[in-house]
Amino acid sequence: MSFPTVRLSRLRASGVLRSLVRETTLDVRDLVAPLFVHHGENLRREIASMPGQFQLGAEHVGEQARRLFELGVRAVLLFGIPARKDAQGSDTWDDQHGVIQQALRVLRQAVPEMLLLTDVCFCEYTDHGHCGVLVERQGQLVLDHHATCANLARQAVSHARAGADLVAPSGMIDGQVAAIRQALDAAGFSHVPIMAYSAKYASAFYGPFREAAEGAPKFGDRRSHQMDPANSAEALREVRQDLEEGADIVMVKPALAYLDVVRRVKDAFHVPLAAYNVSGEYALVKAAAARGWLDEKPLVLEILTALRRAGADLIITYHAEDLARWLGE
Ligand code: PBG
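Rules used in this analysis
Residues numbered from 1 in each chain as written. Predicted model: local features only at pLDDT ≥ 70, side-chain atom pairs only at ≥ 80, totals over all residues. Heavy atoms only, no water. Pairing = 2+ DSSP bridges. Helix = DSSP H or I, 4+ residues; strand = E, 2+ residues; numbered from the N terminus. Core = buried A, V, L, I, M, F, W, Y, C linked by side-chain atoms within 4.5 Å. Buried < 20%, exposed > 50% of the residue type's maximum accessible area, 1.4 Å probe, protein only. Contact = heavy atoms within 4.5 Å. Phe/Tyr/Trp six-rings, centres within 6.5 Å; stacked < 30°, edge-to-face > 60°. Lys NZ or Arg CZ within 6 Å of the ring centre and 35° of its normal. Arc of directions from axis to C-beta.

(A) Molecular detail of the pairing of strand E6 (residues 134-137). Relative to strand E7 (residues 140-143), E6 is paired through four bridges, and the arrangement is antiparallel. Looking across to E7, one finds that Glu 136 is bridged to Leu 141. Where E6 hands over to E7, the hairpin turn is made up of two residues, of which Gln 138 adopts a positive phi near 50°.

(B) Focus on the nonpolar core. Counting 80 residues, the largest nonpolar core has Leu 184 and Val 265 as its most contacted members. If we ignore the near neighbours within four places in the chain, the residues touching Leu 184 are Ala 156, Val 157, Ala 160, Val 167, Phe 189, Ser 190, Val 192 and Ile 194. Counting 26 residues, the second-largest nonpolar core is a separate cluster that includes Tyr 206, Met 251, Tyr 276 and Val 278.

(C) Looking closely at the packing of aromatic side chains. Applying the stated criterion across every chain, the model contains nine aromatic pairs. With centroids separated by 6.2 Å and ring planes inclined at 45°, the aromatic side chains of Tyr 197 and Tyr 276 adopt a geometry described as tilted. With Tyr 197 in strand E9 (residues 195-200) and Tyr 276 in strand E11 (residues 273-277), this pair connects stretches of sequence that are 79 residues apart. Here Tyr 197 matches Tyr 276 in class, with each residue buried. Members of the aromatic cluster, each reached through a chain of ring pairs, are Phe 36, Phe 79, Tyr 197, Phe 209, Tyr 276, Tyr 282 and Tyr 318. It is Lys 200 that lies over the ring of Tyr 206; its NZ or CZ is 5.5 Å from the centre.

(D) Quick peek at helix H8 (residues 259-268). Of all the residues in H8, the buried ones are Val 261, Val 262, Val 265 and Lys 266. On an axial view of H8, the arc spanned by its buried residues comes to 130°, and they lie on one face. Where H8 is buried, its residues touch helix H7 (233-245), strand E10 (249-253), E11 and helix H10 (296-310).

(E) Molecular detail of the environment of Arg 84. Mapped onto the fold, Arg 84 is located in the loop between strand E4 (75-81) and helix H3 (99-110). For the pair Arg 84 and Tyr 125, spaced 41 residues apart in sequence, the C-alpha separation works out to 7.7 Å.

Written out as C-alpha coordinates, the structure is:
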(Lines give C-alpha, C1' and ligand atoms only; values in the text may rest on other atoms or scores of the structure.)
Protein backbone atom coordinates (compact mmCIF):
# COMPACT_ATOMS: atom_id res chain seq x y z
CA MET A 1 0.00 0.00 0.00
CA SER A 2 1.28 3.47 -0.88
CA PHE A 3 1.47 6.26 1.65
CA PRO A 4 -2.02 7.86 1.86
CA THR A 5 -2.76 11.10 0.04
CA VAL A 6 -5.37 11.90 2.64
CA ARG A 7 -3.40 12.41 5.81
CA LEU A 8 -5.77 12.89 8.72
CA SER A 9 -3.00 14.44 10.79
CA ARG A 10 -2.98 17.55 8.54
CA LEU A 11 -5.94 19.06 10.34
CA ARG A 12 -4.38 18.39 13.72
CA ALA A 13 -1.27 20.44 13.17
CA SER A 14 -2.34 23.58 15.06
CA GLY A 15 -4.82 24.66 17.66
CA VAL A 16 -6.65 26.85 15.18
CA LEU A 17 -7.09 23.99 12.72
CA ARG A 18 -8.20 21.62 15.45
CA SER A 19 -10.82 24.03 16.72
CA LEU A 20 -12.11 24.66 13.17
CA VAL A 21 -12.95 20.99 12.71
CA ARG A 22 -13.94 20.14 16.28
CA GLU A 23 -17.21 18.21 16.31
CA THR A 24 -18.24 18.68 19.91
CA THR A 25 -18.36 21.77 22.10
CA LEU A 26 -18.40 22.13 25.84
CA ASP A 27 -19.96 25.32 27.07
CA VAL A 28 -20.70 26.70 30.50
CA ARG A 29 -24.30 27.10 29.30
CA ASP A 30 -24.62 23.31 29.10
CA LEU A 31 -23.99 22.89 32.83
CA VAL A 32 -26.17 22.39 35.86
CA ALA A 33 -24.49 22.60 39.28
CA PRO A 34 -25.91 20.45 42.09
CA LEU A 35 -26.06 22.09 45.54
CA PHE A 36 -26.74 20.49 48.92
CA VAL A 37 -28.95 22.63 51.15
CA HIS A 38 -29.05 21.85 54.85
CA HIS A 39 -31.36 23.27 57.52
CA GLY A 40 -29.41 25.61 59.78
CA GLU A 41 -28.38 29.18 59.13
CA ASN A 42 -24.62 29.20 59.29
CA LEU A 43 -23.88 25.70 58.20
CA ARG A 44 -21.04 25.16 55.72
CA ARG A 45 -19.64 21.64 55.99
CA GLU A 46 -17.34 20.12 53.42
CA ILE A 47 -18.30 16.65 52.23
CA ALA A 48 -15.30 14.40 52.95
CA SER A 49 -15.71 12.17 49.91
CA MET A 50 -16.45 15.14 47.61
CA PRO A 51 -13.69 17.72 48.13
CA GLY A 52 -14.87 21.19 47.13
CA GLN A 53 -18.55 20.34 47.68
CA PHE A 54 -20.43 21.44 50.79
CA GLN A 55 -23.60 21.04 52.76
CA LEU A 56 -24.80 24.63 52.96
CA GLY A 57 -27.32 26.58 55.02
CA ALA A 58 -29.72 28.69 52.98
CA GLU A 59 -27.64 31.89 53.21
CA HIS A 60 -24.50 30.13 52.02
CA VAL A 61 -26.44 28.54 49.18
CA GLY A 62 -27.35 32.05 48.08
CA GLU A 63 -23.67 33.05 48.07
CA GLN A 64 -22.59 29.94 46.24
CA ALA A 65 -25.27 30.39 43.59
CA ARG A 66 -24.21 34.03 43.14
CA ARG A 67 -20.60 32.90 42.61
CA LEU A 68 -21.67 30.29 40.06
CA PHE A 69 -23.85 32.78 38.23
CA GLU A 70 -21.00 35.26 37.94
CA LEU A 71 -18.90 32.50 36.37
CA GLY A 72 -21.65 31.83 33.84
CA VAL A 73 -23.37 28.79 35.36
CA ARG A 74 -27.06 29.60 34.99
CA ALA A 75 -28.76 26.57 36.52
CA VAL A 76 -28.53 24.83 39.89
CA LEU A 77 -30.12 21.58 41.05
CA LEU A 78 -31.08 21.60 44.72
CA PHE A 79 -30.94 18.65 47.10
CA GLY A 80 -32.31 19.17 50.61
CA ILE A 81 -31.22 17.68 53.91
CA PRO A 82 -33.87 18.45 56.53
CA ALA A 83 -33.34 18.87 60.27
CA ARG A 84 -36.04 16.27 60.93
CA LYS A 85 -36.86 13.10 59.05
CA ASP A 86 -40.01 10.99 59.36
CA ALA A 87 -41.58 7.95 57.73
CA GLN A 88 -43.19 9.94 54.90
CA GLY A 89 -40.66 12.72 54.37
CA SER A 90 -43.12 15.47 55.21
CA ASP A 91 -40.46 18.21 55.14
CA THR A 92 -40.70 17.99 51.35
CA TRP A 93 -44.15 19.57 51.22
CA ASP A 94 -43.77 22.04 54.09
CA ASP A 95 -44.38 25.36 52.30
CA GLN A 96 -43.14 27.36 55.26
CA HIS A 97 -40.24 25.49 56.84
CA GLY A 98 -39.19 22.95 54.23
CA VAL A 99 -35.45 23.06 53.62
CA ILE A 100 -35.89 23.39 49.85
CA GLN A 101 -38.72 25.90 50.10
CA GLN A 102 -36.61 28.14 52.36
CA ALA A 103 -33.61 27.87 50.05
CA LEU A 104 -35.74 28.69 47.00
CA ARG A 105 -36.89 31.91 48.62
CA VAL A 106 -33.33 32.92 49.51
CA LEU A 107 -32.08 32.06 46.01
CA ARG A 108 -34.84 33.98 44.29
CA GLN A 109 -33.63 37.08 46.13
CA ALA A 110 -29.90 36.40 45.86
CA VAL A 111 -29.79 35.46 42.17
CA PRO A 112 -33.08 36.38 40.51
CA GLU A 113 -32.04 35.10 37.09
CA MET A 114 -30.65 31.73 38.16
CA LEU A 115 -32.70 28.78 36.90
CA LEU A 116 -33.71 26.84 40.01
CA LEU A 117 -34.14 23.10 39.58
CA THR A 118 -35.21 20.87 42.46
CA ASP A 119 -34.64 17.18 42.99
CA VAL A 120 -37.96 15.54 43.80
CA CYS A 121 -37.48 12.40 45.88
CA PHE A 122 -37.78 11.17 49.46
CA CYS A 123 -34.60 9.32 50.38
CA GLU A 124 -33.02 12.37 52.05
CA TYR A 125 -36.23 13.08 53.98
CA THR A 126 -37.40 9.73 55.30
CA ASP A 127 -36.10 8.21 58.53
CA HIS A 128 -35.66 4.86 56.74
CA GLY A 129 -33.78 6.39 53.78
CA HIS A 130 -36.00 4.89 51.09
CA CYS A 131 -37.41 6.88 48.18
CA GLY A 132 -41.05 6.83 49.24
CA VAL A 133 -43.77 5.21 51.29
CA LEU A 134 -43.04 1.71 52.60
CA VAL A 135 -45.67 -0.99 52.99
CA GLU A 136 -45.40 -4.55 54.19
CA ARG A 137 -45.73 -7.27 51.57
CA GLN A 138 -45.23 -10.90 52.55
CA GLY A 139 -43.34 -9.91 55.67
CA GLN A 140 -41.06 -7.47 53.83
CA LEU A 141 -41.08 -3.70 53.68
CA VAL A 142 -41.36 -2.59 50.06
CA LEU A 143 -41.93 0.70 48.26
CA ASP A 144 -45.54 1.52 47.53
CA HIS A 145 -45.27 3.26 44.18
CA HIS A 146 -48.89 4.37 44.11
CA ALA A 147 -48.86 6.04 47.53
CA THR A 148 -45.44 7.53 46.78
CA CYS A 149 -46.75 9.18 43.60
CA ALA A 150 -49.33 11.12 45.60
CA ASN A 151 -46.60 12.40 47.92
CA LEU A 152 -44.28 13.23 45.01
CA ALA A 153 -47.06 15.31 43.46
CA ARG A 154 -47.48 17.17 46.73
CA GLN A 155 -43.74 17.78 46.99
CA ALA A 156 -43.43 19.05 43.40
CA VAL A 157 -46.34 21.48 43.77
CA SER A 158 -44.87 22.85 47.00
CA HIS A 159 -41.51 23.37 45.26
CA ALA A 160 -43.22 25.18 42.38
CA ARG A 161 -45.14 27.36 44.81
CA ALA A 162 -41.85 28.31 46.51
CA GLY A 163 -40.30 29.30 43.20
CA ALA A 164 -38.80 26.22 41.53
CA ASP A 165 -38.40 26.75 37.78
CA LEU A 166 -38.20 23.04 36.98
CA VAL A 167 -38.69 19.85 38.97
CA ALA A 168 -36.63 16.69 38.61
CA PRO A 169 -38.11 13.46 39.98
CA SER A 170 -35.26 11.06 40.75
CA GLY A 171 -36.88 8.15 42.55
CA MET A 172 -37.59 5.80 39.61
CA ILE A 173 -41.13 5.44 40.96
CA ASP A 174 -43.60 4.05 38.41
CA GLY A 175 -45.95 6.77 37.21
CA GLN A 176 -44.08 9.60 38.93
CA VAL A 177 -43.90 11.86 35.89
CA ALA A 178 -47.62 11.57 35.12
CA ALA A 179 -48.57 12.18 38.74
CA ILE A 180 -46.38 15.26 39.00
CA ARG A 181 -47.49 16.64 35.62
CA GLN A 182 -51.16 16.32 36.54
CA ALA A 183 -50.68 17.92 39.94
CA LEU A 184 -48.61 20.82 38.59
CA ASP A 185 -51.18 21.51 35.89
CA ALA A 186 -54.07 21.40 38.35
CA ALA A 187 -52.27 23.81 40.70
CA GLY A 188 -51.61 26.41 38.00
CA PHE A 189 -48.02 25.38 37.19
CA SER A 190 -48.52 24.05 33.69
CA HIS A 191 -45.48 26.13 32.64
CA VAL A 192 -43.08 24.29 34.97
CA PRO A 193 -41.10 21.65 33.05
CA ILE A 194 -40.15 18.19 34.30
CA MET A 195 -36.68 16.71 33.91
CA ALA A 196 -37.13 12.99 34.52
CA TYR A 197 -34.36 10.79 35.82
CA SER A 198 -35.58 8.24 33.30
CA ALA A 199 -32.73 5.75 33.03
CA LYS A 200 -31.32 5.83 36.51
CA TYR A 201 -29.29 2.79 37.40
CA ALA A 202 -28.84 1.08 40.78
CA SER A 203 -25.22 2.20 40.92
CA ALA A 204 -22.25 2.02 43.25
CA PHE A 205 -21.27 5.45 41.91
CA TYR A 206 -23.78 7.15 44.26
CA GLY A 207 -21.73 6.37 47.38
CA PRO A 208 -20.40 9.87 48.11
CA PHE A 209 -23.81 11.43 47.41
CA ARG A 210 -25.31 9.36 50.17
CA GLU A 211 -22.83 10.90 52.59
CA ALA A 212 -23.53 14.36 51.15
CA ALA A 213 -27.31 14.06 51.27
CA GLU A 214 -27.52 11.72 54.27
CA GLY A 215 -29.89 9.58 52.28
CA ALA A 216 -28.49 6.05 52.43
CA PRO A 217 -31.15 3.38 52.95
CA LYS A 218 -31.16 2.09 56.55
CA PHE A 219 -31.78 -1.45 55.25
CA GLY A 220 -31.91 -3.05 51.83
CA ASP A 221 -31.00 -1.23 48.63
CA ARG A 222 -32.63 0.41 45.63
CA ARG A 223 -32.43 -2.44 43.15
CA SER A 224 -36.18 -3.02 43.30
CA HIS A 225 -36.81 0.23 41.40
CA GLN A 226 -33.55 1.62 39.96
CA MET A 227 -32.33 -0.04 36.77
CA ASP A 228 -30.04 -3.04 36.46
CA PRO A 229 -26.64 -1.84 35.14
CA ALA A 230 -26.66 -4.76 32.71
CA ASN A 231 -29.59 -3.39 30.69
CA SER A 232 -29.83 -0.80 27.94
CA ALA A 233 -32.88 -1.74 25.79
CA GLU A 234 -34.85 -1.30 28.99
CA ALA A 235 -33.56 2.28 29.24
CA LEU A 236 -35.37 3.05 26.00
CA ARG A 237 -38.61 1.74 27.49
CA GLU A 238 -38.11 3.90 30.57
CA VAL A 239 -37.47 6.97 28.43
CA ARG A 240 -40.46 6.29 26.16
CA GLN A 241 -42.74 5.90 29.13
CA ASP A 242 -41.53 9.13 30.76
CA LEU A 243 -42.02 11.03 27.51
CA GLU A 244 -45.55 9.65 27.22
CA GLU A 245 -46.19 10.78 30.79
CA GLY A 246 -45.08 14.30 29.91
CA ALA A 247 -41.35 14.57 30.63
CA ASP A 248 -39.71 17.55 28.94
CA ILE A 249 -36.10 16.50 29.48
CA VAL A 250 -34.95 12.93 30.06
CA MET A 251 -31.80 11.80 31.83
CA VAL A 252 -29.28 9.01 31.90
CA LYS A 253 -27.50 8.50 35.22
CA PRO A 254 -24.68 7.80 36.04
CA ALA A 255 -22.89 9.17 32.97
CA LEU A 256 -19.39 7.91 32.39
CA ALA A 257 -20.06 4.18 32.63
CA TYR A 258 -23.25 4.62 30.59
CA LEU A 259 -22.10 6.51 27.49
CA ASP A 260 -23.60 3.80 25.30
CA VAL A 261 -26.98 4.39 26.90
CA VAL A 262 -26.67 8.14 26.38
CA ARG A 263 -25.99 7.50 22.69
CA ARG A 264 -28.83 5.00 22.30
CA VAL A 265 -31.33 7.35 23.90
CA LYS A 266 -30.14 10.29 21.81
CA ASP A 267 -30.47 8.29 18.59
CA ALA A 268 -33.85 6.81 19.44
CA PHE A 269 -35.59 9.93 20.74
CA HIS A 270 -34.83 13.40 19.51
CA VAL A 271 -35.52 15.08 22.81
CA PRO A 272 -33.42 17.11 25.25
CA LEU A 273 -31.15 14.74 27.09
CA ALA A 274 -29.29 15.24 30.35
CA ALA A 275 -26.38 13.19 31.65
CA TYR A 276 -25.65 13.17 35.38
CA ASN A 277 -21.92 13.05 36.10
CA VAL A 278 -22.52 11.67 39.59
CA SER A 279 -20.78 11.90 42.95
CA GLY A 280 -18.68 8.76 42.54
CA GLU A 281 -17.37 9.91 39.17
CA TYR A 282 -16.38 13.21 40.80
CA ALA A 283 -14.77 11.44 43.77
CA LEU A 284 -12.62 9.24 41.48
CA VAL A 285 -11.25 12.30 39.69
CA LYS A 286 -10.66 14.25 42.89
CA ALA A 287 -8.92 11.37 44.64
CA ALA A 288 -6.55 10.67 41.77
CA ALA A 289 -5.83 14.38 41.26
CA ALA A 290 -5.07 14.89 44.96
CA ARG A 291 -2.42 12.17 44.76
CA GLY A 292 -0.93 13.66 41.64
CA TRP A 293 -1.79 10.52 39.69
CA LEU A 294 -3.90 12.32 37.10
CA ASP A 295 -4.02 15.90 35.86
CA GLU A 296 -7.41 17.20 36.93
CA LYS A 297 -8.17 19.91 34.38
CA PRO A 298 -7.56 17.97 31.13
CA LEU A 299 -9.19 14.94 32.74
CA VAL A 300 -12.41 16.79 33.55
CA LEU A 301 -12.47 18.46 30.14
CA GLU A 302 -12.07 15.06 28.47
CA ILE A 303 -14.76 13.38 30.55
CA LEU A 304 -17.33 16.13 30.07
CA THR A 305 -16.54 16.44 26.36
CA ALA A 306 -17.13 12.69 26.07
CA LEU A 307 -20.58 13.10 27.59
CA ARG A 308 -21.43 15.75 25.01
CA ARG A 309 -19.97 13.60 22.22
CA ALA A 310 -22.13 10.68 23.36
CA GLY A 311 -25.19 12.88 22.90
CA ALA A 312 -25.88 14.72 26.14
CA ASP A 313 -27.34 18.19 25.67
CA LEU A 314 -26.90 19.21 29.27
CA ILE A 315 -24.59 17.93 31.97
CA ILE A 316 -25.22 17.91 35.68
CA THR A 317 -21.81 18.02 37.31
CA TYR A 318 -20.05 18.87 40.56
CA HIS A 319 -17.16 20.12 38.40
CA ALA A 320 -19.36 23.01 37.19
CA GLU A 321 -17.60 25.76 39.13
CA ASP A 322 -14.08 24.59 38.20
CA LEU A 323 -15.07 24.05 34.61
CA ALA A 324 -16.64 27.49 34.34
CA ARG A 325 -13.35 28.96 35.57
CA TRP A 326 -11.27 26.92 33.13
CA LEU A 327 -13.50 27.72 30.18
CA GLY A 328 -13.27 31.39 31.05
CA GLU A 329 -9.46 31.43 31.20
C1 PBG B 1 -32.03 10.40 44.97
C2 PBG B 1 -30.78 10.75 44.25
C3 PBG B 1 -29.54 10.11 44.34
C4 PBG B 1 -28.69 10.84 43.50
C5 PBG B 1 -29.42 11.87 42.95
N6 PBG B 1 -30.72 11.78 43.41
C7 PBG B 1 -29.09 9.00 45.20
C8 PBG B 1 -29.66 7.65 45.06
O9 PBG B 1 -30.44 7.33 44.17
O10 PBG B 1 -29.30 6.84 45.91
C11 PBG B 1 -27.24 10.54 43.26
C12 PBG B 1 -26.44 11.66 42.69
C13 PBG B 1 -24.97 11.47 42.77
O14 PBG B 1 -24.46 10.41 43.13
O15 PBG B 1 -24.28 12.44 42.46
N16 PBG B 1 -32.64 11.54 45.55
